[in-house]
Protein chains: 2
Amino acid sequence: MPDATIRDVARKANVSVASVSRALNGLENVSDDTRARVAEAVRELGYVPHAGARSLSLARTHAVGVVLPDLHGEFFSEIVRGMDREAGRRGYLLLLSTLHPKHGTSVLGALRGRVDGLIVMAPHLDADELGAALPKALPVVLINTRGISGGHPAIHIGNAAGVSAVMDHLVGLGRRRFVHIAGPKDNIDAQERCEAFCEAARKAGCEFRIVNGDFSEESGEAAVAELLDQGRDFDAIFGSNDNMAIGALQALRAASVAVPEDVAIAGFDDIPLARHVGLTTVRVRIAELGERAIACLIDGLESKQLDYAEENHEPELVVRSTTQRES
Amino acid sequence: MPDATIRDVARKANVSVASVSRALNGLENVSDDTRARVAEAVRELGYVPHAGARSLSLARTHAVGVVLPDLHGEFFSEIVRGMDREAGRRGYLLLLSTLHPKHGTSVLGALRGRVDGLIVMAPHLDADELGAALPKALPVVLINTRGISGGHPAIHIGNAAGVSAVMDHLVGLGRRRFVHIAGPKDNIDAQERCEAFCEAARKAGCEFRIVNGDFSEESGEAAVAELLDQGRDFDAIFGSNDNMAIGALQALRAASVAVPEDVAIAGFDDIPLARHVGLTTVRVRIAELGERAIACLIDGLESKQLDYAEENHEPELVVRSTTQRES
DNA sequence: CTGAAAGCGCTTACAG
DNA sequence: CTGAAAGCGCTTACAG
């Protein structure tokens, strides 16, 4: 037996569907008697409104879409948690979807008519690609997209400032021979961090080299293991994210290199695991970033206008034992 | 300017909306000419179908809802990842929602008409409460619900078998004085693990005591710190989940108790962090659990019938350095 | 306060 | 192969 519809309720309560709708939505112009009969019928039938139909009628879904490049690892776990928290607080549902760099952008279109707005984090897409794939009338908030945001509000992580803080710290500790484990080449955060690293290293007059990773722990571990094979000629490693820095740490431990005495290590993000392994890093307050993105989107939706705005999410340095022994 | 609708496309292509619909859905009975004109109009207008309207018409959303008690921590991160992976593979969208024990069950109703089916993990609810809150006609797959599943397919984690394996391991190592850090009292997994623990400890003729936690790392740490204050009179700790076991580990380290020499520690779940800290635990293969739940639901949806079935997700013991030094 | 009707943007028998 | 029309389950002017 299919679920009851508003017509079933109307029939049972002996009123029109219009009255049922009004009663259900708590409008003023409904007699106490009608209201009671409707309530009774709803109870008896176990009626639950059909959110899809309601949305179509209202042109409002009360859901927001979240499109992330991936769901693997603590970074995304944290950002989703922040988003869920804020969405729940505001009474919105979260429609989650991943946009794998290799799978095309069609999911963006699939979201039209299911959500009132979108959060998009696509560090591998530029504004044009995004613009082409997004329904024109759908409000969007971007997180860390490359280049201009095409008129969409956007939140950026302060990559340059974060890297600069780490590098100051490391240089201040006397480190002079750097390795940077870079993230995916097409990822805007990875690029910005890499650039900032090079600039800082140059400014400080330090030697440096760059090895490639893909943001995974394994890639960090492999990269550093390979470096060590060639003989250790560096005294500091800066990973483009925490995962890779942690991988690097494993590789050093496996090779019995003393951290931080022989080699200092720092990462970026401050995922929960970073605290556990004592990794010096740049704290992004990831969950908060997720909250902000949702808040920004919903504020826009509810004021019927998404003011164009760029927001900076400034990170801060967190010093732990991979660079500085506790005293 | 609002997004174009199918009518706009029809007008521009000079055909009926019916033809546009047919062309868009790749039906056979459309002339090449019509098809081409529609394609052209779609391109010009940047038309994207309204998924909500489509769903209403088809009575099919191609989305599945996921309701979890929380999103905090690696357990949920992993399960969501597995779900996302499988849903993506099958072409479904994921609607994610948390069902906090304290917030009531209204979100379950809110999902009617937005999803074709639901995965519900609500270890604090019983079958009656769930039954009352769920739309009657909505297919549901339960994960680790207490008691009978009210006719819904259900997946259970083999808590008893898992606990039994850990306890055998610990007893086999010569441990005789146990502490169990229990999870939330109203959580079915916590209850099952606690019971299995008591039974195993009794059977082995071991001393044991139970202290309370809430599945958070902090609670595990606090519980053990308190125990240590009273003097250490135990040689093994079994945490109802990994987070609490890891908290316990921190507390022991802080008190300079040797692990595993003086006290062995084991947890449950095998979250990614467990490997990092070398925690002996029960591997649940969490992501796989999420995948299975989605697969089971979608299989049911697509065969138009959800056969009632209970599935057991059997865990396995993973021995690491918190119980046994590597040799 | 209430009901009949139109409409939200689609799909799909039904006729032609 | 094509179009006019009804319908999916709601909401909301419009009349009364």
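Keep in mind that this is a model prediction, so the values were computed, not measured.

A. Inspection of the overall build of chain A at higher detail. Each helix and strand counted, chain A has 13 helices and 12 strands in total. Rg of the C-alpha trace for chain A: 26 Å, well past the compact-globule value of 20 Å for 327 residues, more than 25% over. In terms of principal-axis extent, the alpha carbons of chain A reach across some 85 × 40 × 35 Å. A total of 327 residues make up chain A; the buried ones form 53% of that total.

B. Molecular detail of helix 3 (residues 32–45) of chain B. Residue and element names in this part refer to chain B. For helix 3, built from 14 residues, the straight-helix expectation of 20 Å at 1.5 Å per residue is met to within 8% by its first-to-last C-alpha distance of 20 Å. The set of residues buried in helix 3 consists of Val38, Ala41 and Val42. Projected down its long axis, helix 3 carries its buried residues within an arc of 100°, all on one side. Along helix 3, the residues that are exposed and aim more than 90 degrees away from the buried face are Asp32, Asp33 and Arg43. Its buried side turned inward, helix 3 meets helix 1 (6–13) and helix 2 (17–24).

C. Representation of the sheet that holds strand 6 (residues 177–182) of chain A within the structure. All names here are of chain A. Strand order across the open sheet formed by four strands is 7-6-8-9, with parallel pairing between neighbours. Here the strands that pair on one side only, and so sit at the sheet edges, are strand 7 (207–212) and strand 9 (264–266). Averaged over all pairs of adjacent strands, the angle between strand axes in this sheet comes to 20°, irrespective of strand direction. Where strand 6 and strand 7 come together, six bridges link them in parallel fashion. Paired with Ala182 across the two strands is Asn212, which belongs to strand 7.

D. Inspection of unusual backbone geometry at higher detail. Residues and elements named next belong to chain A. Omega for the bond connecting Val259 with Pro260 falls within 30 degrees of zero, at 5°, which places this linkage in the cis form. If you trace the backbone, Pro260 turns up in the loop between helix 11 (242–254) and strand 9. For Asn144, which is not glycine, the phi torsion reads 50° and is therefore positive. Looking at the secondary structure, you find Asn144 in the loop between strand 4 (140–143) and strand 5 (154–157). Of the residues examined, Asn144 has 20 C-beta atoms within 10 Å and is grouped as buried. Phi is positive for Asp270, close to 60°, though the residue is something other than glycine. Mapped onto the elements, Asp270 comes out in the loop between strand 9 and helix 12 (272–277).

E. Representation of the protein's contact with DNA strand C within the structure. Taken together, 27 residues are adjacent to DNA strand C, and Ala18(A), Ser31(A), Ile6(B), Ser21(B) and His50(B) come closest. At the level of secondary structure, the elements contributing two or more residues to the surface near DNA strand C comprise helix 2 (17–24), helix 3 (32–45) and helix 4 (51–58) of chain A together with helix 2 and helix 4 (51–58) of chain B. Residues belonging to the surface near DNA strand C are distributed by class as follows: 12 nonpolar, 11 polar and four charged.

F. Focus on the protein's contact with DNA strand D. Close to DNA strand D lie 27 residues, the nearest being Ile6(A), Ser21(A), His50(A), Ala53(A) and Ala18(B). If you list the elements that add at least two residues to the surface near DNA strand D, you get helix 2 and helix 4 of chain A together with helix 2, helix 3 and helix 4 of chain B. Of the residues that constitute the surface near DNA strand D, the class distribution is 12 nonpolar, 11 polar and four charged.

G. Seen up close, the sheet that holds strand 7 (residues 207–212) of chain B. Residue and element names in this part refer to chain B. With respect to topology, four strands assemble into an open sheet ordered 7-6-8-9, the strand pairing being parallel. Both edges of this open sheet fall to strand 7 and strand 9 (264–266), since each of them pairs with a single strand only. Going across the sheet, the axis of each strand differs from the next one's by a mean of 20°, ignoring polarity. Of the strands in this sheet, strand 6 (177–182), strand 7 and strand 8 (236–239) are in contact with helix 9 (residues 188–203), which crosses strand 6 at around 170°.

H. Just the interface of chain B and chain A, in detail. With 36 residues of chain B in contact, the opposing surface of chain A contributes 36 residues. For the side of chain B that touches chain A, a count of residues per class yields 16 nonpolar, 13 polar and seven charged. In this structure, strand 2 (residues 93–98) of chain A lies alongside strand 2 (residues 93–98) of chain B, joined through three bridges in antiparallel fashion. The partner of Leu95(A) across the bridge, within strand 2 of chain B, is Leu95(B).

Cut-off values and rules
Residues numbered from 1 in each chain as written. Chains lettered and ligands numbered in written order. Predicted model: local features only at pLDDT ≥ 70, side-chain atom pairs only at ≥ 80, totals over all residues. Helix = DSSP H or I, 4+ residues; strand = E, 2+ residues; numbered from the N terminus. Rg over C-alpha atoms; globule rule 2.2 N^0.38 Å. Buried ≥ 20, exposed ≤ 12 C-beta atoms within 10 Å, placed from the backbone. Expected span 1.5 Å × (residues − 1). Arc of directions from axis to C-beta. Contact = placed C-beta atoms within 7 Å. Pairing = 2+ DSSP bridges. Axes fitted to C-alpha atoms, helices over the stretch in contact; angles between N-to-C directions. Near = placed C-beta within 6 Å. Nonpolar A, V, L, I, M, F, W, Y, C, P; charged D, E, K, R; others polar.

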